[in-house]
Amino acid sequence: MNLLDTLQITASGLTAQRLRLQTVASNMANARTTRTEEGGPYKKQVPLLEAVQDDPFGSNLDRAMTRVEVMGVVESEDPPVMVHDPGHPDADAEGYVAYPNVNVLEEMVDLMTTARTYEANANVLDVTDTMANTALEIGR
Amino acid sequence: MIITAAGAPSIPITEVRSSEGVGGVGVGSGAAPKNTFADKLTKAVDGVSNQQLAADDKLAELASGENVDLHGTMIALEEAEITLRTMTSVRDKVVGAYQEIMNMSI
Amino acid sequence: MSNVLFDGLHQGLGQVLDLRMSQHSLTAANLANTDTPGYKAKFIPFDEVLGAAVNRGEKLNLRATHARHNPGMGANVSEPFVDEIEAAPWVADGNSVDAEREAVRLKENATMYGGVSRGLGKRLSLLKFAASNGER
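The rules behind the values
The residue count restarts for each chain, going from 1 along the sequence in the order it is written. Working convention: letters from A go to chains and numbers from 1 go to ligands, in the order in which they are written. At least 70 in pLDDT is required for a residue's local features to be given in this predicted model, at least 80 for side-chain atom pairs to be given and counted, and no such filter applies to totals for whole chains, interfaces and linings, which use all residues. Secondary structure is summarised from DSSP: a helix means a run of H or I of at least four residues, a strand means a run of E of at least two, and numbering begins at the N terminus for each. We compute the radius of gyration from the C-alpha atoms alone; for a globule the expected value is 2.2 Å times N to the 0.38, where N is the number of residues. Working definition of a contact: two residues with C-beta atoms, positioned from the backbone, lying within 7 Å. All amino acids are sorted into three groups, where Ala, Val, Leu, Ile, Met, Phe, Trp, Tyr, Cys and Pro are nonpolar, Asp, Glu, Lys and Arg are charged, and the leftover types, Gly among them, are polar. A helix's residues, less one, multiplied by 1.5 Å, set its expected span. Neighbour density around each residue's C-beta defines its exposure: 20 or more other C-beta atoms within 10 Å make it buried, 12 or fewer make it exposed, and counts between make it partly exposed, where C-beta atoms are placed from the backbone. Note on method: axes are straight lines fitted to C-alpha atoms, helices fitted across the in-contact stretch only, with angles between N-to-C directions ranging 0 to 180 degrees. By the definition adopted for this analysis, an angle is roughly parallel if under 35 degrees, roughly antiparallel if over 145, roughly perpendicular if from 65 to 115, and oblique otherwise. A set of buried residues qualifies as a nonpolar core if it consists of Ala, Val, Leu, Ile, Met, Phe, Trp, Tyr and Cys joined through C-beta atoms within 7 Å.

Colleague: Now, about the overall build of chain A: what can you tell me, with residues and values included?
Modeller: Of regular secondary structure, chain A possesses three helices and four strands. If you list the helices and strands of chain A from N to C, you get α-β-α-β-β-β-α. For chain A, the C-alpha radius of gyration of 22 Å lies well beyond 14 Å, the compact-globule estimate for 140 residues. Expressed as lengths along the three principal axes of its C-alpha atoms, the size of chain A is roughly 80 × 30 × 20 Å. Expressed as a percentage of contacts within chain A between residues at least 6 apart in sequence, the contacts between residues at least 24 apart total 60%.

In structure tokens:
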């Protein structure tokens, strides 16, 4: 089994989680942003993750070795949260202000799972390193 | 093995005969040579070989997941190595002693 | 001559190390895809793959020819059967990766890899000692 491929898989996991962290950070920072350049409130950012096979024509085992790739970051189409506040500068004709479709509690949970998954992937990296060193000692 | 003033050596002749000689032929002793050096050597070699086989078995059990006994397996492997090295040292000493004797001028 | 020196156990140990390394890679893939929608966690069912060799009463003679005698099991050691875990029905994105399960599997697999690796190393050093006529 190619050790370098394994490292690439773990690297992809770490990158994906770091990107997720960025979207969570952006969402939390903009949870109350009512105006944006395109008009309208900030829309929650959602990373799109996909499992990518490096060897789709290989054996059962080869095809199971999938990395993860971030295919893109899209904006959530969930409706904004409407709050009645006629005095607000961004209130519309009926006096409603459109707040971002970001649920801060959800983002907090995402933040925790992202951190934990990042840690798990980093742990795999450590173990890969240990196993490689053990293998190198076979002949010693 | 002191020859005292009284004259009698402290080791009887039959015992001397049965503990010398790799061939282990107890001439005229009549007793079965259970304790000859050759027997002891054979038993030791068997012991080393058995130890190696036992270590192999433990390693196979570990690898196949049948009996995951990490320290037991490692200890068995170490024991096999130690007995092998001991056996080799003994062999070297015996060969050395033999050569020394052969080089003695009569 | 190498067939005499490097017997079935030696080959078998090497194959077990291959399997353990492959399992490690599967764990890496699973943890990398913790959040990928629809991804199913994969693993090598060691009890099945290795158990067959043990039950035949051989000393871990895991050669491909033996595996072909059991075609129904798919227990070909060089191309092992890879099991998938189905996602629980209440999981929204269909992802079946469980971080705790992967963590346990990771450690257990690494321990076995280390144990077999060290055992192989010790056995080899014994052979080396014997082969060099008792000199280090």
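Colleague: Tell me what's going on with the interface of chain A and chain C, and back it up with residues and numbers.
Modeller: Contacts between chain A and chain C engage 34 residues on the former and 31 residues on the latter. Counting only elements with at least two residues in the side of chain A that touches chain C, the list comes to helix H1 (3–29), strand S1 (45–53), helix H2 (60–64), strand S2 (66–75) and helix H3 (104–136) of chain A. Broken down by element, the residue count for the side of chain A that touches chain C peaks at 11 residues, all from H3(A). When its residues are assigned to classes, the side of chain A that touches chain C shows 15 nonpolar, 13 polar and six charged.

Colleague: Which residues make up H1(A), and what values do they have?
Modeller: With 27 residues, H1(A) should cover 39 Å at 1.5 Å per step; its first-to-last C-alpha distance of 39 Å lies within 8% of that length. Listed as buried for H1(A) are Thr6(A), Ile9(A), Thr10(A), Ser12(A), Gly13(A), Ala16(A), Gln17(A), Arg20(A), Val24(A) and Asn27(A). If you follow the buried residues of H1(A), they end up packed against S1, S2 and H3 of chain A together with helix H2 (8–32) of chain C.

Colleague: Any details on H2(C)? Residues and values, ideally.
Modeller: For H2(C), which comprises 25 residues, the first-to-last C-alpha distance of 36 Å matches the rise-based estimate of 36 Å (1.5 Å per residue) to within 8%. Counting buried positions along H2(C) gives 20 out of 25 residues, so the element sits mostly inside the fold.

Colleague: For the interface of chain C and chain B, give the residues involved together with the corresponding values.
Modeller: Counting residues at the interface gives 21 residues for chain C and 18 residues for chain B. Residue assignment for the side of chain C that touches chain B shows that the elements contributing at least two residues are H2, helix H3 (46–55) and helix H5 (99–131) of chain C. Ranked by residues supplied to the side of chain C that touches chain B, first place goes to H5(C) with nine residues. Taken together, the residues that form the side of chain C that touches chain B break down as 12 nonpolar, four polar and five charged.

Colleague: How would you explain the packing of H3(A) against H5(C) if you had to name every residue and give the values?
Modeller: Interaxial distance between H3(A) and H5(C) falls to 10 Å at its minimum, and their mutual angle equals 5 degrees. The orientation of H3(A) relative to H5(C) falls into the category roughly parallel. Residue-level inspection shows Arg116(A), Thr117(A), Ala120(A), Val124(A), Val127(A), Thr130(A), Met131(A), Thr134(A) and Ala135(A) of H3(A) in contact with H5(C), the latter providing Ala99(C), Glu102(C), Ala103(C), Leu106(C), Ala110(C), Tyr113(C), Gly114(C) and Ser117(C). Split into classes, the residues belonging to the contact of H3(A) with H5(C) amount to 10 nonpolar, five polar and two charged.

Colleague: An account of the nonpolar core is needed here, citing residue identities and associated values.
Modeller: Ala63(B), Leu13(C), Ala29(C), Ala32(C), Tyr113(C) and Val116(C) are the most contacted members of the largest nonpolar core, which has 39 residues in total. If you list the elements that add at least two residues to this core, you get H1, H2 and H3 of chain A, helix H2 (37–64) and helix H3 (70–102) of chain B together with H2, H3 and H5 of chain C. When residues in this core are grouped by element, the largest group, 11 residues, is from H2(C). Apart from residues lying up to four places away in sequence, Ala29(C) is in contact with Ile9(A), Ala64(A), Met65(A), Thr66(A) and Lys42(C).

Colleague: Lay out the environment of Leu84(B) with the relevant residues and their values.
Modeller: Tracing the backbone shows Leu84(B) in helix H3. If we skip the residues at most four places from it in the chain, Leu84(B) touches Val48(B), Leu126(C), Phe129(C) and Ala130(C).

Colleague: How would you summarise the environment of Asp56(B) if you had to cite specific residues and measurements?
Modeller: Its location among the elements puts Asp56(B) in helix H2. In this structure the C-alpha to C-alpha distance between Asp56(B) and Ala80(B), which are 24 residues apart in sequence, comes to 9.4 Å.

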